[in-house]
Amino acid sequence: MAKRIDVADLDIYYGSFKAVENVTLAVEPRSVTAFIGPSGCGKSSVLRTLNRLHEVIPGAYITGKVLLDGEDIYSADVDPVNVRRTIGMVFQRPNPFPTMTIRENVTAGLTLDGARRSKAELEQVVEKSLRGANLWDEVKDRLDRPGAGLSGGQQQRLCIARAIAVEPQVLLMDEPCSALDPISTLAIEDLIEQLKLNFTIVIVTHNMQQAARVSETTAFFNLPAIGQPGRLVEIAPTEQIFSNPGEQATEDYISGRFG
Amino acid sequence: MATVGSGKFERSTSLLQDALAGRRLPRWGVGAVGLTSLLAAYLLNVLTVVDGVAGTFLVAVLLFVIGQTGWSFTVEGRRHAVDRLATTTVYAAFLIAVTPLVAVLGTVLVKGFPVFSAQFFTTSMRNVSPRSEGGGLYHALIGTLEQVGLAALIGVPIGVLAAVYLVEYAPEAKSRRLSSAISFFVDVMTGVPSVVIGLFIYTAFILTLGLPRSGFAASLALAILMLPVIVRTTEEMLRLVPRDLRESSLALGIPRWKTILKVVLPTALGGIITGAMLSIARVAGETAPLLLTTFLSQSINSNPFKGPQAALPTFIWDQFTSGTDASRARAWGGALTLIVLIMILYAGAKVIARLTGAKKS
Ligand SMILES: Nc1ncnc2c1ncn2[C@@H]1O[C@H](COP(=O)(O)OP(=O)(O)OP(=O)(O)O)[C@@H](O)[C@H]1O
Ligand SMILES: [Mg+2]
């Protein structure tokens, strides 16, 4: 089910400001691809173009192509709602819907899309998704309590459960662990290991060890200079990036000699 | 061994306390200054020109501020003295702010409560002369409930939708004309006196369209009065909903309108309901627009679409201007009823907001 993504000649704009330019990369199915790079170089922006979330910001647009299994997701007859259904996303800060219970949070993507589903079917989805997010044992007795009452790490796993409940084929994660403690981070990294069996995963991280631990492929982005658009410096197997990078800038960044 | 150790320990903690604590006023200090000030003010009242309860109290407060700050300055030093002065000022400001409120509530309660009776709430003023006791405000209560209810039915949805447009859709619209026009008119409407709105409805609805006076005409005027408050508070509340929440919903493949309806609005619901209630409370007491649109009535008319209808504010005005003791008492009764009505609505809205809004753990 997992799909591959090909990005070609992508330029990203916020109004008249060009934030990222000339990105071409491929994301392999059933693997983890990590985006690393200094703050402001456009990692989140690239990630958000992959599920057409970039365009919800007023004035924001892109040029170039993003292909999902060969199909251009930016072609005129594609409905962004369907794209987002296929490509799920987890945000930096855990953000369960505050008016909903744990159960309602998990099923939100299903109950709010208009299609009718039986109660039993929803129950199944709740258990499967929460198990998939390694959260089931912790919350199975309080599914009807508010999602906002969980700890930060639990909330983030709830958000992952919410994202996988709609059965996307790709999962985008924007610094999913940056607000979490080491234990919760480990739990999420374990989870990513399991999820990649079924999903294509793209993760943005500032944590070099994390990128090395979880990803097969790493893409390094950089800002040539302040005020200029960010660029993709190189994308290669993670091992190679961390042991024998092709560019001096990459080596400087991962060895901490950056600046 | 143990005793020596603990002795050392005690001495070092007391040294530490000296270093950290400094010299403070005794616990009973504030109370003592307060009592002394009151006593001194009372003596001044008896012996000299200071007169009346309010005057005495004012003098007592002044003495208290001077006494406490001065004492504190000599014992505790400048920083604590300033702290105490600021604390006293804040408390005094709070008291000054709530005094009129409590006074109004108290007066209305004392004067209005005696006329409350089963008859007062179940009969109208039909065939009751201003001079005689008895009669009631049933007709006015019905009128107010219907007029304000209809006004809310018209005003709340329009106001909330306008705010949703301003916050959710306007920023990406090609032209800013519509949103700046809405914002401009909302600002202008906030400042237009209610009597002008009443005149507008009178001219448009009754003179131009030739429709009869009715409770509905009053509702239209009240709805226009409610709009700016609802638009502005809803706008504020929607802006408080984090961008992340909208984006997570969109990222699940939930369509835009459903994201607004099921995620954004519920998250902001508590504040929206409070804003709507404030606007309802505000218009429930309006008198001038009612006189121009539905005028007065002494008898029961439960059809808001036909003929003059009474309402609580016009009932109060009418009874008060009749000028007899009996009618004045009824006016106070009407005022108390209006206040209680608004309080009930407010409490109800709070309960609804709590049941439907953000779930607390
Ligand atoms: N909503 C926005 N409006 C305008 N400019 C934006 C917006 N979001 C991001 N940018 C700009 O786009 C550029 C790339 O930002 P982006 O958030 O993609 O960086 P990032 O690599 O994710 O950084 P970080 O590691 O700090 O999250 C930055 O110059 C940023 O200022
Ligand atoms: Mg980012």
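On a predicted model such as this, the values are computed, not experimentally measured, just so you know. Counting starts from 1 at the beginning of each chain's written sequence and moves along it residue by residue. Here the convention is simple: chains get letters from A, ligands get numbers from 1, in the order in which they are written. Where totals are concerned, whole chains, interfaces and linings use all residues; where local detail is concerned, this predicted model gives features only for residues with pLDDT of at least 70, and gives and counts side-chain atom pairs only at 80 or more. The basis for every side-chain value is the complete set of non-hydrogen atoms in the structure, without hydrogens or water.

Just give me the short version of the environment of Asp141 of chain A, but keep the residues and values in it.
All names here are of chain A. Per the convention used, a helix needs a DSSP run of H or I reaching at least four residues, while a strand needs a run of E reaching at least two, with both numbered from the N terminus. Residue placement: Asp141 occurs in the loop between helix 5 (136-139) and helix 6 (152-165). Type-normalised accessible area, obtained with a 1.4 Å probe on protein chains alone, sets the label of each residue: buried when under 20%, exposed when over 50%, and partly exposed for intermediate values. Taking the relative accessible area as the measure of exposure, Asp141 reaches 72% and is therefore exposed. With 70 residues separating them in the primary sequence, Asp141 and Ala211 have C-alpha atoms 34 Å apart.

Report on the domain arrangement of chain B, specifying residues and quantitative values.
All names here are of chain B. Domain start and stop points were drawn from an automatic or database domain assignment. According to the domain assignment, chain B contains domain 1 (2-110) and domain 2 (138-355). Contacts: residue pairs with any heavy atoms within 4.5 Å of one another. Taken residue by residue, the interface counts four residues in domain 1 and five residues in domain 2. Accessible area that two parts lose when put together, evaluated with a 1.4 Å probe and summed over both, is termed the buried area. Between domain 1 and domain 2 lies a buried interface of about 400 Å² when both sides are counted; carbon and sulfur atoms form 91% of it. Broken down residue by residue, the surface that domain 1 buries against domain 2 is led by Leu105, Val108 and Leu109, which jointly contribute 86%. Should a side-chain nitrogen of Lys or Arg be within 4 Å of a carboxyl oxygen of Asp or Glu, the pair is scored as a salt bridge. Our count for the domain 1 to domain 2 interface comes out at zero salt bridges. Considering only residue class, the side of domain 1 that touches domain 2 consists of three nonpolar, one polar and no charged. Any residue that is not Ala, Val, Leu, Ile, Met, Phe, Trp, Tyr, Cys, Pro, Asp, Glu, Lys or Arg is counted as polar, Gly included; the first ten are nonpolar and the last four charged.

Before we move on, can you summarise the side chain of Ser219 of chain B with the specific residues and values?
Relative to the helices and strands, Ser219 of chain B is located in helix 9 (residues 215-240). Beyond its immediate chain neighbours, meaning those up to four positions away, Ser219 of chain B contacts Glu146, Gln147, Leu150 and Ala151 of chain B.

How would you explain the interface of chain B and chain A if you had to name every residue and give the values?
How big an interface is tends to be stated in terms of accessible area lost as the parts join. The partner chain A presents 32 residues to the 24 residues of chain B that form the contact. Buried area between chain B and chain A, summed over both chains or domains, comes out near 2300 Å², and the portion from carbon and sulfur atoms is 65%. Counting the contacts that link chain B with chain A gives two salt bridges. With a shortest N-O distance of 2.6 Å, Arg48 of chain A and Glu247 of chain B are connected by a salt bridge. Among the secondary structure elements, those contributing two or more residues to the side of chain B that touches chain A are helix 10 (243-251) and helix 11 (256-284) of chain B.

Can you break down the nonpolar core residue by residue, with the values?
Generally speaking, a soluble globular protein has its nonpolar side chains buried in company with each other. Residue types Ala, Val, Leu, Ile, Met, Phe, Trp, Tyr and Cys, when buried and joined through side-chain atoms within 4.5 Å, form a set referred to as a nonpolar core. Phe97 of chain A together with Leu222, Met226, Leu238, Leu265 and Leu312 of chain B are the most contacted members of the largest nonpolar core, which has 58 residues in total. At the level of elements, helix 6 (138-169), helix 8 (194-208), helix 9, helix 11, helix 13 (312-322) and helix 14 (325-356) of chain B are the ones that each hand at least two residues to this core. At eleven residues, the largest contribution of residues to this core is made by helix 11 of chain B. The residues touching Leu238 of chain B, leaving out its near neighbours within four places in the chain, are Ala163, Val164, Val167, Arg246, Val264, Leu265 and Ala268 of chain B.

How would you summarise helix 2 (residues 29-47) of chain B if you had to cite specific residues and measurements?
In a helix, the anticipated span is given by 1.5 Å times the number of residues less one. Over its 19 residues, helix 2 of chain B extends 27 Å from the first C-alpha to the last, a length consistent with the 27 Å expected when each residue adds 1.5 Å. As for helix 2 of chain B, its buried residues are in contact with helix 3 (52-76) of chain B.

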